[in-house]
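Report on the structure
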Amino acid sequence: MSNPSETSAQIIQAQAGAAPIEYAFVLGTGLGSAMEGVEDAVTIPFSELPGFPVPAVSGHAGNLIVGTQDGMRVAYMQGRTHYYETGDPRAMAVPLETLAMIGVQNLILTNSAGSVKADLYPRSLVLLTDHINFSGTNPLIGLASDGGFVSMTDAYDPRLARRLKRAATTAGVQLHEGVYMWFSGPSFETPAEIKMARTLGADVVGMSTVPEVIIARRLGLRVAAISIITNFGAGFQGGNPTHLETRETAMQGAIALRRLLRTMLRTKEEAWGIRQPGTPR
Ligand code: HPA
């Protein structure tokens, strides 16, 4: 009997073909339009893929799109599920396992985030260099004896980051760098928590991405993550975020994000070299 990831992988390959996929993207709140320009696009609603989330939050579309962009096979998850929706830190495990099974090598996660750094204004793009898991949970709890002791050194792949930075320069898009702190949500942070985040070394705060990075590293995927700043954190520079504000600002930032991602796909790079799935690099 096959598990949900295997079944989902079979459904995707039956509809979109079995050629390996170079890049997969997870598009966060308000960023669903960042995938415009996919050729021969096959769109599969998450509701047809066992174990995929049917998003409850407005701003998350809930489709997997597979196709070709700039000569590369790509997959986009338009929408994700968050820990705060179910209380399950493994909520994104099946989609990510499925992506690994259909041959995805590189995973680019996007999200909207609050800024706790004065020069990271709303609509800035921030390439994540590291994270702080402030949630108290971990998607690999219970899996320690099953490959759960995953190294998080270089969790954000330095070579993938270099590709994105080069693409940003080529595209004329300003790409900041920063450390992301994961709060569970769904309430926004208090001003005291935002002050703490800054004191502890965060540049941006948000409610997603970190469990996905941890799961993806266990699967041996190369990971990069980009935040669109939608607001200043609560009490910082007058920040008092609302869901509506974060959605609307993310949609504005999506234009620069799209330019950055398309430029990266167009830039032909040296080969990565051979990697065995699941092995540390
Ligand atoms: N806090 C947490 N998550 C967020 C924020 C924020 O200020 N903005 C967008 N996502």
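Our structure is the block above this text.
This write-up is about the structure you can find in this document. Since the structure is predicted, the reported quantities are computational estimates derived from the model, not experimental observations.

Thresholds applied
- Residues numbered from 1 in each chain as written.
- Predicted model: local features only at pLDDT ≥ 70, side-chain atom pairs only at ≥ 80, totals over all residues.
- Heavy atoms only, no water.
- Near = heavy atom within 4 Å.
- Polar contact = N/O pair within 3.5 Å; in protein donor to acceptor, adjacent residues only side chain to side chain.
- Areas by Shrake-Rupley, 256 points an atom, 1.4 Å probe, with all protein chains shown as cover.
- Helix = DSSP H or I, 4+ residues; strand = E, 2+ residues; numbered from the N terminus.
- Nonpolar A, V, L, I, M, F, W, Y, C, P; charged D, E, K, R; others polar.
- Salt bridge = Lys/Arg side-chain N within 4 Å of Asp/Glu carboxyl O.
- Buried < 20%, exposed > 50% of the residue type's maximum accessible area, 1.4 Å probe, protein only.

Topic: the site of the ligand
Lining the immediate environment of the ligand, one finds Ser112, Ala113, Gly114, Phe188, Glu189, Val205, Gly206, Met207, Thr230, Asn231, Pro241 and Thr246. With respect to the ligand, the side chain of Thr230 contributes an N or O atom lying 3.4 Å from a nitrogen atom. Within the side chain of Asn231, an N or O atom sits 2.7 Å from a nitrogen atom of the ligand. For the ligand, the protein covers 95% of the area, taking 260 Å² as the surface of the free molecule. At the level of elements, β5 (106-115), β8 (204-206) and β9 (222-232) are the ones that each hand at least two residues to the shell around the ligand. Here the shell around the ligand takes three residues from β5, the largest share from any one element. Within the shell around the ligand, the residues separate by chemical class into five nonpolar, six polar and one charged.

Some points on the pattern of salt bridges
Under the defined criterion, the tally for this structure stands at eight salt bridges. Here Asp146 makes a salt bridge to Arg218, at a shortest N to O gap of 3.3 Å. Highlighted residues: Asp146 in the loop between β6 (125-133) and α4 (158-171) and Arg218 in helix α6 (residues 210-218), separated in sequence by 72 residues. Look at Asp146 and you get partly exposed, because its relative accessible area is 47%. Owing to a relative accessible area of 25%, Arg218 belongs among the partly exposed residues under this scheme. Residues joined in a network through salt bridges with shared partners are Asp70, Arg262 and Arg266.

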